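Understanding the architecture of this molecule
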Amino acid sequence: MASDQEFEFESFQDPGSIKAFLDSLTEGFGNGKIVLSSETEEIALFPNSLLRFTIKAKRKINEKSQLSIKVSWKEPKLEMRGADKKIRVSS
């Protein structure tokens, strides 16, 4: 049985680097495969079903602004019905 996976990455980036990252994400959504990797971690995601999209923005005067984008979906169940059964064919 496969175990759960998590990937987390945080850094300071300039707006151009964020745009390039978002462009890569857009391409991954279009292809149905997103691979995130760092020096020590890697995760592959397959967004092929109906996706839930949430976007939030917050701006506090003279303080920090924040933009959060969240995309989630349910992974299809990989059930192998009858995988333990055997079939015999004869003629």
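Coordinates for the structure precede this section.
As a starting point, this report considers the structure included with it. Since this is a predicted model, take the numbers as computed values, not measurements. (Residues numbered from 1 in each chain as written. Predicted model: local features only at pLDDT ≥ 70, side-chain atom pairs only at ≥ 80, totals over all residues. Heavy atoms only, no water.)

Quick look at a positive patch on the surface
A contiguous patch of positive charge, built from Arg-52, Lys-56, Lys-58, Lys-60, Lys-64 and Lys-70, is present on the exposed surface. Take the positive patch: its biggest share by element is three residues, from strand 3 (residues 52-59). Turning to its location among the elements, Lys-64 is positioned in the loop between strand 3 and strand 4 (65-72). A residue is classified by how much of its surface remains accessible, and Lys-64, at 60% relative accessible area, is exposed. (Patch = residues over 30% accessible without salt bridge, like charges linked within 9 Å, V, L, I, M, F, W, Y side chains within 5 Å. Areas by Shrake-Rupley, 256 points an atom, 1.4 Å probe, with all protein chains shown as cover. Salt bridge = Lys/Arg side-chain N within 4 Å of Asp/Glu carboxyl O. Lys, Arg positive; Asp, Glu negative; His and termini not counted. Charge placed at Lys NZ, Arg CZ, Asp CG, Glu CD. Helix = DSSP H or I, 4+ residues; strand = E, 2+ residues; numbered from the N terminus. Buried < 20%, exposed > 50% of the residue type's maximum accessible area, 1.4 Å probe, protein only.)

As for a negative patch on the surface
A surface patch of like charges, here negative, comprises Asp-4, Glu-6, Glu-8, Glu-10 and Glu-41. Summarising the element assignment, Asp-4 is placed in the segment before helix 1 (15-31). With relative accessibility at 78%, the residue Asp-4 sits in the exposed group.

Regarding unusual backbone geometry
Excluding glycine, residues mostly have negative phi values, and the peptide bonds linking residues are mostly trans. A positive phi angle, close to 60°, is found at Asn-62, a residue other than glycine. Its location among the elements puts Asn-62 in the loop between strand 3 and strand 4.

Looking at the pairing of strand 4
Pairing analysis gives eight bridges linking strand 3 to strand 4, with the strands arranged antiparallel. Bridging across to strand 4, Ile-55 finds its partner in Ile-69. What sits between strand 3 and strand 4 in their antiparallel hairpin is a turn of five residues, with Asn-62 showing a positive phi close to 60°. (Pairing = 2+ DSSP bridges.)

Remarks on the environment of Glu-42
With respect to the element layout, Glu-42 can be found in strand 2 (residues 42-45). The residues touching Glu-42, leaving out its near neighbours within four places in the chain, are Gln-5, Phe-7, Val-35, Leu-36 and Ser-37. (Contact = heavy atoms within 4.5 Å.)

Digging into helix 1
Helical geometry note: an α-helix holds 3.6 residues per turn, so side chains three or four residues apart project in the same direction. For helix 1, spanning 17 residues, the distance from its first C-alpha to its last is 24 Å, which sits close to the expected 24 Å at 1.5 Å a residue. Note on helix 1: the residue one or two positions beyond its end, Gly-32, has a positive phi of about 80°. (Expected span 1.5 Å × (residues − 1).)

Some points on a nonpolar patch on the surface
A contiguous nonpolar surface patch, about 440 Å² in accessible area, is contributed by Phe-53, Ile-55, Leu-67 and Ile-69. Within the residue set of the nonpolar patch, elements represented by two or more residues are strand 3 and strand 4. Following the sequence through the fold, Ile-69 ends up in strand 4.

A short note on the pattern of salt bridges
Here the structure, examined in full by the defined rule, presents one salt bridge. Lys-19 is the salt-bridge partner of Asp-23, the closest N and O atoms lying 2.7 Å from each other. Of the two residues, Asp-23 and Lys-19 both sit in helix 1, four residues apart, roughly one turn of that helix. Residue Asp-23 is classed as partly exposed on the basis of its relative accessible area of 39%.

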